Structure formats: structure tokens, C-alpha cells
Amino acid sequence: LVGGNHLKLMLQTTHSDAPLDAICFNIDTEVWPDYQREKVRCVYQLDVNEYRGQRSLQLLIRHIE
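Predicted model only: the values in this text are computed from it and were never measured.

S.K.: For the overall build of the protein, give the residues involved together with the corresponding values.
M.R.: Each helix and strand counted, the protein has 0 helices and 4 strands in total. Each helix and strand of the protein, placed in order from N terminus to C terminus, yields the pattern β-β-β-β. Its C-alpha atoms give the protein principal-axis dimensions of about 35 × 30 × 20 Å. By residue count, 22% of the 65 residues in the protein fall in the buried class. Look at the contacts in the protein between residues 6 or more apart in sequence, and 36% of them connect residues 24 or more apart. Summed over all atoms, the accessible surface of the protein reaches about 5300 Å², with 48% contributed by carbon and sulfur. Distance between charge centres in the protein, computed from 7 positive and 9 negative side chains, equals 5 Å.

About the criteria used
- Along each chain, residues carry numbers from 1 onward, in the same order as the chain's sequence is written.
- Local features in a predicted model are, by the rule used here, given only for residues with pLDDT of at least 70; side-chain atom pairs are given and counted only at 80 or more, and totals for whole chains, interfaces and linings are based on all residues.
- Note that the side-chain values use all heavy atoms of the structure and ignore hydrogens as well as water.
- A run of H or I in DSSP counts as a helix once it spans at least four residues, and a run of E counts as a strand once it spans at least two, with each numbered from the N terminus.
- The buried label goes to any residue with under 20% of its type's maximum accessible area, the exposed label to any with over 50%, and the partly exposed label to all in between, with areas taken from a 1.4 Å probe on protein chains only.
- Residues count as neighbours in contact if any of their non-hydrogen atoms are within 4.5 Å of one another.
- Per-residue and other accessible areas were derived by the Shrake-Rupley procedure at a 1.4 Å probe size, with only the shown protein chains allowed to occlude residues.
- Neither His nor the chain ends contribute to the count of charged residues, in which Lys and Arg are positive and Asp and Glu negative.
- Charge placement uses NZ in Lys and CZ in Arg. For Asp and Glu, CG and CD serve respectively.

Here you go:
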């Protein structure tokens, strides 16, 4: 969790070894984070994360289950 109720994740598809940064804003903290989960399904859009002058690709999660 970052900022109280935002979920920061590192996700990996079943077809790749490369992890991707992802963030989901305003999550239900009664449900997430779920440390027992190994797989999730999510709807996302590509986004650029800019932090301290560095830009990187991240997934902006709109729905996660």
C-alpha cells in the first residue's frame, strides 16, 4: 500500500518473465492487499509514471479481481 489506499504491484503475464509496475488507486483495504493471491485478473490502461525526474511505463489498474 502507498498513500494509505493505493495498491502498488509488480505484475507478470503468464507469457513473459518481465515484471511490470502497476498501480490501483483508491482500493478497498478490507480486500487488498491479499498476500495469499498468486494470480489476478485486471483491466488496465498504459500509463507513464514520473517520479523524481524519471519516467517509466506502468499499468494503471481500473479493476482488479
